[in-house]
Amino acid sequence: MGKYLPVIVTADCGSLTRAGEVLGYAQPNMGHIITRCEEELGVKIFTRNQRGMTLTETGEKLVKIMRQIDGMEYYLQETAKRLRKALFRVGVFQSVATQWMPQIVGEFCQEHPDTVLQMEYLGRYLDDELGVRESWLDCSFFSGSNVPTGMQCFPLFQDPYYLLVHADCPLASRMAVSMEEVAGQYPYIHTNEDFDWDESYTQLRKQFMAHDLVKIYSPENSTAIALVAQGVGVSIIPGLSLDHISPEQPVRAIPFQEPVCRSISLLCPNDAKNTALTATFLRLLQKRVDEWTQEHGRP
């Protein structure tokens, strides 16, 4: 733990008790740590009152610097870890991390016991491409159809999208639906988990936005499923996320009459197959995808 982390967490929580719960310290110990830090620096960082802990004007300035120091300490530790052991970083999004990665990680670590496999969640558009291009990812799952310049994609799976509706929705009993029946008719919950789509899906999303029916932007598919179960609206989720639906949730996943799919690949640098770690990961990944496809009976 960084030297100034207790001060940073206390500033964020506004309470010694809550900060102690986050860091696993008793409230009196947190108080002693803060006091020692103030004595060491010779300034008052917090004002203590009945409402909790409030940063002084001086404290606000110092905490900004402390955050930078804490970030550099974390970077130092991560760099040291990487120098002690090989580090293999994979960009993932929720559905592939849940469905495919658990089995792959175990086998990968058996074959490369001195390597740390680190999964990095893709949080923004182009995180996959930029991560690989700028070398802070060794490879990344990729849901686009166009291979970025100077890279290579290894195709893995064609994942169909489904319309997700509440069990009481008039469409719930349908075996399949058309895009025209959906767009412009129902409040839409858009999920941010996927960062590229085929043209058909993009056009459908544009129709929802044109009718001002995009009501909620969900961070990932599991949250979108929960929102549909509450009757907030409809959503479109990929088949890999169907297993996030529990039997108790009153939702129905309906295929489209004209299938809309995302192409899932592994995005790598051009020389990836010359790298032993990437070659191992790709081999285990392709094996897992084949097993998963057979288990679930999906193309």
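To start, this report covers the structure provided alongside it.

1. Some words on the pattern of salt bridges
For step 1, the next point in the chain: Enumeration according to the criterion identifies eleven salt bridges in this entry.
For step 2, the next point in the chain: One salt bridge connects Glu 40 with Lys 3, and the closest N-O pair in it is separated by 2.6 Å. In this pair, Glu 40 is assigned in helix H3 (residues 27-41) and Lys 3 in the segment before helix H1 (5-13), connecting sequence segments 37 residues apart.
For step 3, the next point in the chain: The partly exposed category is assigned to Lys 3, whose relative accessible area is 48%.
For step 4, the next point in the chain: Among the salt bridges present, the one from Arg 288 reaches Glu 291, with a minimum N-O distance of 3.8 Å. Here Arg 288 and its partner Glu 291 are both found in helix H11 (residues 276-296), three residues apart, which amounts to about one turn of the helix.
For step 5, the next point in the chain: Its relative accessible area of 6% is what places Arg 288 among the buried residues.
For step 6, the next point in the chain: Using a relative accessible area of 30% as the deciding quantity, one classes Glu 291 as partly exposed.
For step 7, the next point in the chain: Each of Glu 107, Lys 287, Arg 288, Glu 291 and Glu 295 takes part in salt bridges that share partners, so that together they form one network.

2. Overview of the packing of helix H2 (residues 16-23) against H3
For step 1, the next point in the chain: Between H2 and H3, the shortest axis-to-axis distance is 8 Å and the interhelical angle comes to 100°. The orientation of H2 with respect to H3, classified from their angle, is roughly perpendicular. In this structure, H2 uses Leu 16, Thr 17, Ala 19, Gly 20 and Leu 23 to contact H3, whose residues at the interface are Gln 27, Met 30, Gly 31 and Ile 34.
For step 2, the next point in the chain: In terms of residue class, the contact of H2 with H3 is made up of five nonpolar, four polar and no charged.

3. A closer look at the environment of Ser 263
For step 1, the next point in the chain: Structurally, Ser 263 can be placed in strand E11 (residues 261-269).
For step 2, the next point in the chain: Overall, the relative accessible area of 22% leaves Ser 263 in the partly exposed class.
For step 3, the next point in the chain: Note: C-alpha distance between Ser 263 and Phe 142 (121 residues apart in sequence) is 7.9 Å.
For step 4, the next point in the chain: Filtering out sequence-adjacent residues up to four positions away, Ser 263 remains in contact with Phe 142, Ser 143, Gly 144, Phe 157 and Gln 158.
For step 5, the next point in the chain: Of note is the side chain of Ser 263, whose polar atom sits 2.7 Å from the side chain of Gln 158.

4. Regarding the environment of Ile 33
For step 1, the next point in the chain: By the secondary structure assignment, Ile 33 is in helix H3.
For step 2, the next point in the chain: With a relative accessible area of 17%, Ile 33 lands in the buried category.
For step 3, the next point in the chain: Through-space distance from the C-alpha of Ile 33 to that of Lys 3 is 9.6 Å; in sequence the pair is 30 residues apart.
For step 4, the next point in the chain: Among all residues touching Ile 33, those that are not within four sequence positions of it are Pro 6 and Tyr 25.

Calculation rules
Residues numbered from 1 in each chain as written. Predicted model: local features only at pLDDT ≥ 70, side-chain atom pairs only at ≥ 80, totals over all residues. Heavy atoms only, no water. Salt bridge = Lys/Arg side-chain N within 4 Å of Asp/Glu carboxyl O. Helix = DSSP H or I, 4+ residues; strand = E, 2+ residues; numbered from the N terminus. Buried < 20%, exposed > 50% of the residue type's maximum accessible area, 1.4 Å probe, protein only. Axes fitted to C-alpha atoms, helices over the stretch in contact; angles between N-to-C directions. Parallel < 35°, antiparallel > 145°, perpendicular 65-115°, else oblique. Contact = heavy atoms within 4.5 Å. Nonpolar A, V, L, I, M, F, W, Y, C, P; charged D, E, K, R; others polar. Polar contact = N/O pair within 3.5 Å; in protein donor to acceptor, adjacent residues only side chain to side chain.

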